[in-house]
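So the chains spell out like this:
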Amino acid sequence: MYPRNFKLIWPSSLEEALEAVEAGAVPLAGGQSLIPMMKLRLIAPESVVYLGAIRDLDYIKELNDKFAIGALTTHSRIASELREGSPLISKAASEIGDVQVRNMGTIGGSVAHADPAADYPAALIALGAVIRAVSKNGIREIPAERFFTGPYQTALDHGELVMEVVVPKTACSVGYAKFTRIATDFAIAAVAVRLSAHDGVVEDISIGISGVFAHPIRARWIEDALIGKKLADEVLSRAINAEVVHEVISDPRASKEFRLKAFRAMARRAILEAYENSKV
Amino acid sequence: MRIQVVVNGVRHDIEVKPNLLLVHLLRDYLGLRSVRIGCDTSNCGACTVLLDGRPVKSCTLFAFMAHGRSVTTLEGLNDDAAEAIRRSFVEETAAQCGYCTSGMIISIYHLLKSKRKPTEEDVRHTLVGNLCRCTGYVSIIRAALKAARYVSA
Ligand SMILES: Cc1cc2nc3c(=O)[nH]c(=O)nc-3n(C[C@H](O)[C@H](O)[C@H](O)COP(=O)(O)OP(=O)(O)OC[C@H]3O[C@@H](n4cnc5c(N)ncnc54)[C@H](O)[C@@H]3O)c2cc1C
Ligand code: FES
Ligand code: FES
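Residues numbered from 1 in each chain as written. Chains lettered and ligands numbered in written order. Predicted model: local features only at pLDDT ≥ 70, side-chain atom pairs only at ≥ 80, totals over all residues. Heavy atoms only, no water.

Chain B appears in an unreviewed UniProt entry as Aerobic-type carbon monoxide dehydrogenase, small subunit CoxS/CutS-like protein from Pyrobaculum oguniense.

Put into structure tokens, the structure is as follows:
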């Protein structure tokens, strides 16, 4: 399958790329979402600007209390280099697709593409990460929780690119659980948890969810039901099984009912994983 | 656009249309027919090649994305590790129709290069992106583990 031909812009700097994007060119990063869509002719852009040409957007910088991850950093690199430093983001990266996809796909491309079932968003929401967007007018910070606004929709404005993703360092323990039918696939339900507990009592918890709703969200209703409590089975069950007000997705891979069950099972697994980790 | 790319150790300077996919550059322009098009939808891994030493799906890259980089196909794998994998594939009957085999060997080759003594779990994890519709995977996994033993012997 051939994508329709297009005009290729090979930028020599971020500024040049921003100019092209402002003028309507579609950014290409690792191509692991864009190229399949172009091959299926779901989209056929007139012009494409290749961000891969800007090598200085490929970095992981360790700052005092956070990691700044450049938009062009691949899933493979994040999975291997942040295993110790930020295990939740590393785990989410390692759950994406397969080796080949992780070697090309980038964090900037993944968050900009905003598949409702992508792995990073759940982790970024749970970690309280910030997406730093850049345009000709400067840099803007958007909290992950407000970045994903709908299926394949984000808070990015026209002319903006994802420049980097900033992940706070945390002493909290974390958990991640993803349910798929096929190993390479996007999540039917994925849940990321960051939690701190003292003497078994949950002091702080944040939970990000992908795959279950029209866009990734934070599960405040579960968090509120767990803060200040010991995670006895009935406490956890009541929190997880509480009524969900958001509309659950139904698609050929999983009905609404099945997806809700998968979500609850993954929530239990991820919360317990983080809780167990908090004891060691 | 003009690209410079090293394929199996040979430098090429080629004019490509932006929409040319890497898999077509390799097969149709350079005649490297080990690279297979299976699904053409980024799922099967039959088109797997090494880009700067790492496995990628050549049906899901534009040729220009290889500019300034090196690409290795099955034709370019000629060291002991590659020989060990070929031998163990034959011994374990790890190929039936053979369509997935080039991609499988590339992925296993990369694993053996990055890990001396891979476990069965490592092999399974490595082959998530390589589908085989014939063998049921068991013989392929066995062959990969055997190749690792040949290499470290
Ligand atoms: C077989 C397969 C399985 C997959 N499985 C999973 C999975 O399990 N979980 C998961 O999360 N993902 C999965 N993916 C998607 C993968 O993570 C992609 O890498 C990712 O969605 C896109 O990143 P990219 O760098 O390839 O972006 P591209 O495909 O190049 O771009 C994607 C979109 O983002 C835009 N864009 C790219 N970079 C920027 C930027 N810096 N700023 C603004 N816009 C930008 C592009 O214009 C395009 O619209 C899978 C993909 C494949 C092919
Ligand atoms: S042909 Fe490239 S992944 Fe199937
Ligand atoms: S041997 Fe036929 S697809 Fe693998």
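**Student:** Just to check I follow, could you spell out the interface of chain B and chain A for this structure?
**Tutor:** When the parts of a complex come together, some accessible area is lost, and that lost area is often used as the size of the interface. With 31 residues of chain B in contact, the opposing surface of chain A contributes 29 residues. Counting the surface lost from both chain B and chain A, the interface buries some 2500 Å², and carbon and sulfur atoms represent 64% of this. Broken down residue by residue, the surface that chain B buries against chain A is led by Asn19, Phe62 and Met65 of chain B, which jointly contribute 21%. Across the contact surface, chain B and chain A share two salt bridges. With its nearest N and O atoms 2.7 Å apart, the salt bridge here joins Lys57 of chain B to Asp98 of chain A. The interface formed by chain B and chain A holds twelve residue pairs in polar contact (both at pLDDT 80 or more) in total. Of all the secondary-structure elements, those providing two or more residues to the side of chain B that touches chain A are α1 (22–29), β3 (48–51), β4 (54–57) and α4 (120–126) of chain B. Among the elements that make up the side of chain B that touches chain A, the one with the highest residue count is β4 of chain B (four residues). (Contact = heavy atoms within 4.5 Å. Buried area = accessible area lost by both parts, 1.4 Å probe. Salt bridge = Lys/Arg side-chain N within 4 Å of Asp/Glu carboxyl O. Polar contact = N/O pair within 3.5 Å; in protein donor to acceptor, adjacent residues only side chain to side chain. Helix = DSSP H or I, 4+ residues; strand = E, 2+ residues; numbered from the N terminus.)

**Student:** Can you help me understand the domain arrangement of chain B in this one?
**Tutor:** Residues and elements named next belong to chain B. Looking at chain B, the domain boundaries give domain 1 (2–76) and domain 2 (80–152). Spacing between the C-alpha centres of domain 1 and domain 2 amounts to 21 Å. Taken together, the contact between domain 1 and domain 2 spans 18 residues of the former and 13 residues of the latter. Of the roughly 1200 Å² buried between domain 1 and domain 2 on both sides combined, carbon and sulfur atoms contribute 60%. Linking domain 1 to domain 2 there are zero salt bridges. (Domains from an automatic or database assignment.)

**Student:** Got a minute to help me understand the site of ligand 1 in this structure?
**Tutor:** Taken together, 34 residues are adjacent to ligand 1, and Pro27, Gln32, Leu34, Thr106 and Asp119 of chain A come closest. Site remark: ligand 1 is flanked by residues from chains A and B. Contact distances for ligand 1 include 2.8 Å between a nitrogen atom and a backbone N or O atom of Val162 of chain A. Here an oxygen atom of ligand 1 and a side-chain polar atom of Lys178 of chain A are 3.0 Å apart. Relative to its free-state accessible area of 960 Å², ligand 1 is covered by the protein chains to the extent of 93%. In terms of residue count, helix α6 (residues 107–113) of chain A provides more of the shell around ligand 1 than any other element does, four residues in total. (Near = heavy atom within 4 Å. Areas by Shrake-Rupley, 256 points an atom, 1.4 Å probe, with all protein chains shown as cover.)

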